[in-house]
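Structural features, examined
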Amino acid sequence: MKIQPFELENWLNPACDSEKNRYYLGGSCVLPMTVEELFEVTGQNLDDFLEELKKMNLGYPRFEGTPRTTKALSKLYKNVKPEEIILVHGGTGANSTICYALLEPTDNVISIMPNYQQFISIPESIGCEIRSVWLKPEAGYKLDLDEVRAAADQNTKAIMFTNPNNPTGSLLTEDEMKELIEIARSVDAWIFCDEMYRGLGEGWMPSFADMYEKAIVTASSSKIYSMAGTRVGWIICHDPETSFTLRNWRSYDSICGGVFDEWIFAIALENVDKIYARSRAIVNANKAVIDKWIERNPYLHQYADSYSTTYLVHYDLDVDAEKFCDDLLDQKGVLVCHGNCFNIPHTFRITLSHAHELETGLALIDEYIDELVAAGKALK
């Protein structure tokens, strides 16, 4: 089987490891916690945890997932039972599992773009017909539901997307979610929704897992939980037969999760309001700084009301996105993620969260843009 290169991972991971990366503004996870900080944030007793750790059995965990973890996860939703949650290896494991287990070459899928590449390249590699519906900057990267309706037919297996969107951060309203469900239901299609960023908004954020019997929702411990290293991902599926298919695929892929990972993540989940409060504080503080920075720079534009940990920033310069970011890293030591990873030219994704010396990094981007303008690269 042939599959396209994973543009984001293949570019960003080597760039992160570069000695030139002095100002890392390219990530999408809220500032990672140490073990010590996790216990400070949650108010739990670290010494008790360490005593339990000494006696931990390092054999296989429960195949169906650590009950403490699935129980805590079910409380993030209104209509999800612990037994409807499948624990897998990270968010990428969750997304790849649902694609490989459920899609067939005879299917068509609607991919709402921009999208995480797994929801484009994996179906394409299987042989599915991809029908792309693009979110548009001039519409604030909001979904045109009429375009989705026009793309759907009786052979549509799934509508696939991220919500909040990666990389723009745009969010469907509850009414838009209901309308999208009606479109899916009208052709008996699944909704595959990556909800990795759900939880950053103030108050309750609806989930497709609570709203549609044929929704399959994925998420993980990485983005807003600041625990990407624990590699806990989950899939929510209400249909028992489909759930068996997904678990069977996981048996071929990874068998089960990690006993330590699921256990320590359960501690975060049992204190999730404190984790959310930390993440929101970090993101909101950085967002305020970046909003002012974009407002001051006439060559930069940001169109979406972001509910994620990133902005997709458009620039008015005659420079390819990958070259823009390569040269920015080489010349100024600032790492942001180029928009070609999401098939959107003349853009870059910048973090609202894991930012090392944010204001210095932004000043260096300004300096770099000024040099491009002086070299005649301005488009206006």
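Structure first, text after, so check above.
Residues numbered from 1 in each chain as written. Predicted model: local features only at pLDDT ≥ 70, side-chain atom pairs only at ≥ 80, totals over all residues. Heavy atoms only, no water.

1. Here's the deal with the nonpolar core
Phe-208, Trp-234, Phe-324 and Ile-350 are the most contacted members of the largest nonpolar core, which totals 103 residues. Sort the elements by how many residues they give to this core and helix 11 (residues 272-296) lands first, with eight residues. Once residues within four sequence positions are removed from consideration, Ile-350 is found in contact with Leu-25, Ile-290, Trp-293, Thr-309, Thr-310, Tyr-311, Val-313, Val-336, Leu-362 and Ile-365. (Core = buried A, V, L, I, M, F, W, Y, C linked by side-chain atoms within 4.5 Å. Buried < 20%, exposed > 50% of the residue type's maximum accessible area, 1.4 Å probe, protein only. Helix = DSSP H or I, 4+ residues; strand = E, 2+ residues; numbered from the N terminus. Contact = heavy atoms within 4.5 Å.)

2. Observations concerning the pairing of strand 4 (residues 129-134)
As paired elements, strand 3 (residues 108-113) and strand 4 share six bridges and run parallel to each other. Paired with Ile-112 across the bridge in strand 4 is Val-133. Viewed along the sheet, the connection from strand 3 through helix 6 (residues 118-126) into strand 4 turns out right-handed. (Pairing = 2+ DSSP bridges. Right-handed = clockwise from strand over helix to strand, strands pointing away.)

3. Some details on the pattern of salt bridges
It is possible for side chains of opposite charge to pair when their charged atoms get near one another. Applying the stated rule across the entire model yields 19 salt bridges. Across the pair Lys-157 and Asp-107 runs a salt bridge, and its minimum N-O distance is 2.9 Å. One end of the pair, Lys-157, is in strand 5 (residues 156-162); the other, Asp-107, is in the loop between helix 5 (90-102) and strand 3, with 50 residues separating them in the sequence. Of the two residues examined, Lys-157 and Asp-107, each falls in the buried class. Taking the shortest distance from any N to any O, the salt bridge between Glu-367 and Lys-332 comes out at 2.5 Å. Of this pair, Glu-367 sits in helix 13 (residues 358-374) while Lys-332 sits in helix 12 (residues 321-332), and the two are 35 residues apart along the sequence. Look at Glu-367 and you get partly exposed, because its relative accessible area is 38%. Overall, the relative accessible area of 7% leaves Lys-332 in the buried class. Bridged by salt links that share partners, the residues Glu-129, Arg-131 and Asp-153 form one connected network. (Salt bridge = Lys/Arg side-chain N within 4 Å of Asp/Glu carboxyl O.)

4. Digging into the packing of helix 4 (residues 67-74) against helix 10 (residues 259-269)
Running from N to C, helix 4 and helix 10 point in directions that differ by 30°, and their axes come no closer than 8 Å. What the angle tells us is that helix 4 and helix 10 run roughly parallel. Where helix 4 crosses over helix 10, the two elements pack in a sense that is left-handed. Across the interface between the two elements, Arg-68, Thr-69, Ala-72 and Leu-73 of helix 4 pack against Glu-262, Trp-263, Phe-265, Ala-266, Ile-267 and Leu-269 of helix 10. Along the lines of polarity and charge, the residues of the contact of helix 4 with helix 10 split into seven nonpolar, one polar and two charged. (Axes fitted to C-alpha atoms, helices over the stretch in contact; angles between N-to-C directions. Parallel < 35°, antiparallel > 145°, perpendicular 65-115°, else oblique. Left-handed = near helix turned anticlockwise from the far one by under 90°. Nonpolar A, V, L, I, M, F, W, Y, C, P; charged D, E, K, R; others polar.)

5. Some thoughts on the sheet that holds strand 10 (residues 310-315)
Strand order across the open sheet formed by four strands is 9-10-13-12, with antiparallel pairing between neighbours. Each having just a single partner strand, strand 9 (300-301) and strand 12 (337-338) make up the two edges of the open sheet. Pairing analysis gives two bridges linking strand 12 to strand 13 (residues 347-351), with the strands arranged antiparallel. Bridge pairing in strand 13 links Cys-337 to Arg-349.

6. Some words on helix 13
For helix 13, with 17 residues, the first-to-last C-alpha span of 25 Å sits near the 24 Å given by 1.5 Å per residue. All buried positions along helix 13 are accounted for by Leu-358, Gly-361, Leu-362, Leu-364, Ile-365, Tyr-368, Ile-369 and Leu-372. Projection of helix 13 onto a plane perpendicular to its axis shows the buried side chains occupying an angular sector of 160°, all on one side. More than 90 degrees from the buried face of helix 13, the exposed residues found are Glu-359 and Ala-374. Next to the buried residues of helix 13 lie strand 1 (23-24), helix 11, strand 9, helix 12, strand 11 (334-335) and strand 13. Positive backbone phi, at 85°, marks Gly-376, one or two positions downstream of helix 13. (Expected span 1.5 Å × (residues − 1). Arc of directions from axis to C-beta.)

7. A word on the environment of Phe-324
By secondary structure assignment, the location of Phe-324 is in helix 12. Along the primary structure Phe-324 and Gly-339 are separated by 15 residues, whereas in three dimensions their C-alpha atoms are 9.8 Å apart. When near neighbours in sequence (up to four residues on either side) are disregarded, Phe-324 contacts Tyr-315, Leu-317, Val-319, Phe-348, Tyr-368, Ile-369 and Leu-372.

8. Thoughts on the packing of helix 5 against helix 9 (residues 240-253)
At a minimum axis distance of 9 Å, the contact between helix 5 and helix 9 shows a crossing angle of 110°. One element, helix 5, and the other, helix 9, form an angle in the roughly perpendicular class. Seen from above, helix 5 lies across helix 9 with right-handed handedness. Of the residues in helix 9, those touching helix 5 at Thr-97, Ile-98, Tyr-100, Ala-101 and Leu-102 are Thr-242, Thr-245, Leu-246, Trp-249 and Asp-253. Of the residues that constitute the contact of helix 5 with helix 9, the class distribution is six nonpolar, three polar and one charged.

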